[in-house]
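Examining the three-dimensional arrangement
If you want the building blocks of each chain, they are given just below.
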Amino acid sequence: MKVMCSLLLLAPCLSALMISCCEYFLINVKLINLTLITVSLEVIMELKKLDYAT
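Reference entry: report on the structure contained in this document. (Residues numbered from 1 in each chain as written. Predicted model: local features only at pLDDT ≥ 70, side-chain atom pairs only at ≥ 80, totals over all residues. Heavy atoms only, no water.)

**Details of the overall build of the protein chain**
Helices and strands together make up the secondary structure of the protein chain, namely one helix and zero strands. Out of the 54 residues belonging to the protein chain, those deemed buried represent 0%. For the protein chain, the accessible area works out to roughly 5300 Å², and carbon and sulfur atoms hold 79% of it. (Helix = DSSP H or I, 4+ residues; strand = E, 2+ residues; numbered from the N terminus. Buried < 20%, exposed > 50% of the residue type's maximum accessible area, 1.4 Å probe, protein only. Areas by Shrake-Rupley, 256 points an atom, 1.4 Å probe, with all protein chains shown as cover.)

Here is the structure:
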């Protein structure tokens, strides 16, 4: 019975931890993708400037 009560108390904590880890991962992936897109656009703009300069 004690084990069952412990599991019932532990389950909400574990689910909250899983949710916060997933949110953290998703936010970081979005930030990394946004950074990569921004850097790619900057590189493309620099290459276009070089094309117009020559």
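And the narrative resumes.
**With respect to the pattern of salt bridges**
All chains considered together, the criterion is met by one salt bridge. The salt bridge partner of Glu 46 is Lys 49, with a shortest N-O separation of 3.5 Å. Of this pair, Glu 46 and Lys 49 both sit in helix α1 (residues 2-53), three residues apart, roughly one helical turn. The class of Glu 46 is partly exposed, set by a relative accessible area of 45%. (Salt bridge = Lys/Arg side-chain N within 4 Å of Asp/Glu carboxyl O.)

**Things to note about the state of the cysteines**
Overall, the coordinates contain zero disulfides when judged by the stated rule. Among the cysteines around Cys 22, which has no disulfide bond, Cys 21 carries the closest sulfur, lying 7.0 Å off. Here Cys 22 falls in the partly exposed class, since its relative accessible area comes to 43%. (Disulfide = S-S within 2.5 Å.)

**As for a nonpolar patch on the surface**
Taken together, Val 39, Val 43, Leu 47 and Leu 50 make up a surface patch of nonpolar side chains, about 360 Å² in accessible area. Within the element layout of this structure, Val 39 appears in helix α1. Take Val 39: its relative accessible area is 42%, and that puts it in the partly exposed class. (Patch = residues over 30% accessible without salt bridge, like charges linked within 9 Å, V, L, I, M, F, W, Y side chains within 5 Å.)

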